[in-house]
Amino acid sequence: MSAAQPAPTSTQAPSSARPPVTLGQTTHLDPGAYVRGTHGITLGEQTLVHPRAQLVAVHGPLSIGDRCIISEKCVIGGPVATDKPSEGPEGAGRGAGGSGSDESDPVKTTIHSRVYVHANAHVLAGAVIKEAVVIEPHVTVRAGVTVGSHAKICAGVTVDRDVDDWAVVYGNGDLKRQRRRKRDQSETEHAELVETMRLKAMDKEREGTMAILKMAARTATLAKKK
Amino acid sequence: MALPFPYIYISCPCSDASRRALTSKRSSRDVDIDRAMQDDEDTFDPRHPRSAFSLFPPEHLLYCEECHEIKCPRCVTEEINATYCPDCLFESPKVMVRGELNRCPRNCFHCPICTSQMITTSIGDPKSGPFVLNCNYCMWNTLDVGIKFDKAIGIRGQVDEMANGGKQRPATLKSPYSGQAEPARKSSLSQTPLSPGHQDEAPDAMDRSVPGAPLDATARFNALRAFYKEQITDSSATDASFPTSALDMAYSSPSSLQRIMNIYTNRDSSAKRSRQKLTIMREARTSSEGFILTTESTKVSSPSIDYDETTTASQRAFQHPSFIGNPDAVKVSELRPMPTLMRTKRSKRCATCKHILTRPDLKISSARYRIKLIALNYIPFVTIKPLPVPGGLLAPVPDGADVVLAPGKPVQFIMTLRNPLFDDASVSLGCPSVTPGRHGHRVTILCPQFRIGKNSDAWDDALNNPPDRGTLNPAAGGEQIAGKLYDQGRNWASVVLEIVPASIVRQQSAELDEDEDVIEIPIRVRLEWTVTDLDAGLERRKRDKGLDDGEDVDDGKRELSYWMVVGIGRVAC
Ligand SMILES: [Zn+2]
Ligand SMILES: [Zn+2]
Ligand SMILES: [Zn+2]
Ligand SMILES: [Zn+2]
């Protein structure tokens, strides 16, 4: 994997070999990240993509919302190995409870805002990740699966079916709990309060890391020019 | 067995009862000879049901320098040096531990949902709170059960005083941690017959059903106990043979045993007594006496609980004991965060001579040992691999696949013994020509007696010897001649072990016992060496033990023999 370093010159102007990437003004797509495929990739505002993360637009377009963190060694829109989107339609077809909008041949992969994808997680083509979801290391989200907003997929779990809003999937993927119960008013408030604290902390982390990575990228390009 | 092939187990000599009796008089030479003869006579059978209790991986064994014996976990005694919390690494003084119910008295808690460690976080101002305990794994927090804290320290004390929902726990319940540890130590005998039933209801359901006296499980236990004690006191006034002390009866005391035996032997009188008692004693009736109607609580808790809101068996098990957690929780909202269980640092002593075998560093944050006499520093480390011949077995791969041997076909293995001692040792290996058990596999050790060099400095060895010595030389070494070593190095020697597996014949219907096809070879290892650096050794022992054993004349001769079991592989069948 390390051999295939593309080393693009600028984050704002993708070269001709790379897919068309639309970036928000304040978004940092690290030059060390891998971008491939032919379909369009859209990134929202203030999103951070770590070096060595892979954005794959082979199977279809990729859309990532605002204020997300995509950590290193993540694969978004995979699998990488196959050139044809053979995996995509199969997954999209059985994702009956999901968005259902991805019936066409190129499979769209959507990550909504404030999603935190940890290192080495795989989000396969056709998956939909809603707002403020946490995806922990070594998680695989199968094609066509919709992960509800504020859900958390704990480390190592493979998600092969839709996940409710505010759900936590842990253990071997067979354990699930609801962070917020619908009937309980005070509980809903509590869960939202704690979630706000978590998102605040995540924003802080993202801003800090972004500053460091931006500086590192700048230093690297300067060194190359010399 | 659990280990991949080939594996080595060592049988601790303590399993041999006759031997244990003899070793106490180890000064006598005759006894030693007797022992050796007796040991040679009966071959150790690794398949004997008893053997499973004496076989240990060599890494688990210790060595006593006083008794010159291998020591297994069964022949050591343990003593607690320190009790500490594994999460915050604070040590609790011994006198406090019991009052703290063996759990961290500070801020350490574990999640009742997923059991991972919880952290204290602020949900308001970072300094002044309020604070909650939050599980970073499953995102459960104490707000889910309506608990938040005013201070970020002393969480344990705050949790103990709070019921789920944030209300103060009833005043009758002094938190067990603040001094009242009795319920934990009660013997089952001292519990009144009704008391087990009281645990069956959820305390919070009871809170609602009996508004006047909101007692929780612990308080109710105490109320019931007090009530029945009173009842017994009253009834014992008329029945002298049933004293009040029966309530606090201890099984260990001979007088109470006598009393129990009397109850059983004089059945007539006890029957009469019980009839008598029935008329005098009454059961608890009011809630202040700890009484509660179960029907009410079931009525309250039964309507429409989501399946997602119910607790799992393991979650309930994690809530034990009942005076800290809530093992009867039906809903997840009834679960309590559990304070971290304390851990201990222990030192081990030889059970026969009290010599210290291991002693951990007293500093909690250090994982090192100050003394650790592991057996592998005294006995040779044994490795086994197939003889590299064309058509022979391949070296085992680390994936743990079984080694399968063809029946009737001789297979050679190289057994290498590495000497950890700083003195030359002479080794003799004895093994039965046919392994014990139903399927006798034929075994031959081509060179059963040899010496292995001392574990000297590796650099000395490299300087004194040409570099190619000690490595396998196909011309000179690698011989499979009886009485000759296969190969030899600075502190190691290899011998060839030949095995002819017996074929396992079975009837059509007969099933093999579990692991019946495994070839396990018992080998008697006998080591003899002379400690040359005796003064240093003695000094060290004196320092370790603070013992003056100047009169015990030590000629430095050491002798050690034990049974080793080698698991080679399976027979194809
Ligand atoms: Zn033992
Ligand atoms: Zn602690
Ligand atoms: Zn948890
Ligand atoms: Zn001893």
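Throughout this document, residue positions are counted from 1 along each chain, in the order its sequence is written. A letter from A marks each chain and a number from 1 marks each ligand, given out in the order of writing. Since the coordinates come from a predicted model, pLDDT governs what is reported: local features require at least 70, and pairs of side-chain atoms require 80 or more to be given and counted, while whole-chain, interface and lining totals use all residues. Computation of side-chain values covers all heavy atoms of the structure but excludes hydrogens and water.

The name given to chain B in an unreviewed UniProt entry is Dynactin subunit 4, with the source organism recorded as Capronia epimyces CBS 606.96. UniProt positions are given in the numbering used here, feature names are shortened, and annotations may be inferred rather than shown by experiment. UniProt annotates chain B under Sequence similarities (unreviewed entry) with the comment "Belongs to the dynactin subunit 4 family."

Looking at an unreviewed UniProt entry, one finds chain A named Dynactin subunit 6 and attributed to Capronia epimyces CBS 606.96. For chain A, the Sequence similarities (unreviewed entry) comment in UniProt is given as "Belongs to the dynactin subunits 5/6 family. Dynactin subunit 6 subfamily." UniProt, in the comment section headed Subcellular location (unreviewed entry), describes chain A in these words: "Cytoplasm, Cytoskeleton".

## A few points about the confidence of the model for chain B
Regions with low pLDDT should not have their predicted coordinates read in detail. Residue and element names in this part refer to chain B. When pLDDT is averaged along chain B, the result is 76; 68% of the residues meet or exceed 70. Each residue carries a pLDDT score, the predictor's confidence in it, ranging from 0 to 100. The helix and strand labels rest on DSSP assignments: H or I over at least four residues marks a helix, E over at least two residues marks a strand, and numbering proceeds from the N terminus. Considering each helix and strand of chain B separately, the mean pLDDT is smallest for helix H5 (residues 182–185), with a value of 39, and largest for strand S7 (residues 109–110), with 96. Residue contacts are counted whenever heavy atoms from the two residues lie within 4.5 Å of one another. Here residues 469–477 is modelled with pLDDT under 50, and outside its nearest four sequence neighbours on either side it reaches ten contacts, counting other chains as well. Across the interfaces of the predicted complex, the ipTM metric reaches 0.78, alongside a pTM of 0.68.

## Considering the interface of chain A and chain B
The interface of chain A with chain B comprises 17 residues on the first partner and 17 residues on the second. Summed over both partners, the interface of chain A with chain B buries about 1,600 Å², with 54% contributed by carbon and sulfur atoms. We define a salt bridge as a contact between a side-chain nitrogen of Lys or Arg and a carboxyl oxygen of Asp or Glu at a distance within 4 Å. Here chain A is connected to chain B by one salt bridge. The residue Asp144 of chain B makes a salt bridge to Arg177 of chain A at a minimum N-O spacing of 2.9 Å. Pairing of N or O atoms within 3.5 Å defines a polar contact, subject to two protein rules: one partner must be a possible hydrogen donor and the other a possible acceptor, and residues neighboring in sequence count only if both atoms are side-chain atoms. Taken together, the links from chain A to chain B amount to five residue pairs in polar contact (both at pLDDT 80 or more). Breaking the side of chain A that touches chain B down by element, the ones donating at least two residues are strand S19 (167–170) and helix H2 (185–225) of chain A. Among the elements that take part in the side of chain A that touches chain B, H2 of chain A stands out by supplying seven residues, more than any other. Three classes are used: nonpolar for Ala, Val, Leu, Ile, Met, Phe, Trp, Tyr, Cys and Pro, charged for Asp, Glu, Lys and Arg, and polar for all others, with Gly counted as polar. Per-class residue counts for the side of chain A that touches chain B are six nonpolar, two polar and nine charged. Two parts placed together each lose some accessible area; with a 1.4 Å probe, that loss summed over both constitutes the buried area.

## Here we look at the coordination of the zinc ion (ligand 3)
Residue and element names in this part refer to chain B. Protein coordination of the zinc ion (ligand 3) is provided by Cys111 (SG), Cys114 (SG), Cys135 (SG) and Cys138 (SG), with donor distances spanning 2.2 to 2.3 Å. Think of the donor list as every N, O and S atom within 2.8 Å of the metal, or within 3.2 Å for Na, K and Ca; water never makes the list, so a site can look incomplete. Tetrahedral means four donors with every angle between 85 and 135 degrees, whereas square planar (four donors) and octahedral (six donors) require angles over 155 degrees between opposite donors and between 65 and 115 for all others; sites fitting neither are termed irregular. The site at the zinc ion (ligand 3) holds four donor atoms, and with the angles between them running 102 to 117°, its shape is tetrahedral. The sequence pattern describing where the donors of the zinc ion (ligand 3) fall on their chain is C-x2-C-x20-C-x2-C. Residue Cys111 is found in the loop between S7 and strand S8 (118–125), and its partner Cys138 is found in the loop between strand S9 (129–135) and helix H4 (155–161); the two are separated by 27 residues along the sequence. Each member of the pair Cys111 and Cys138 is classed as buried. The buried label applies to any residue whose accessible area, calculated with a 1.4 Å probe on protein chains only, is under 20% of its type's maximum; exposed applies above 50%, and partly exposed to all values in between.

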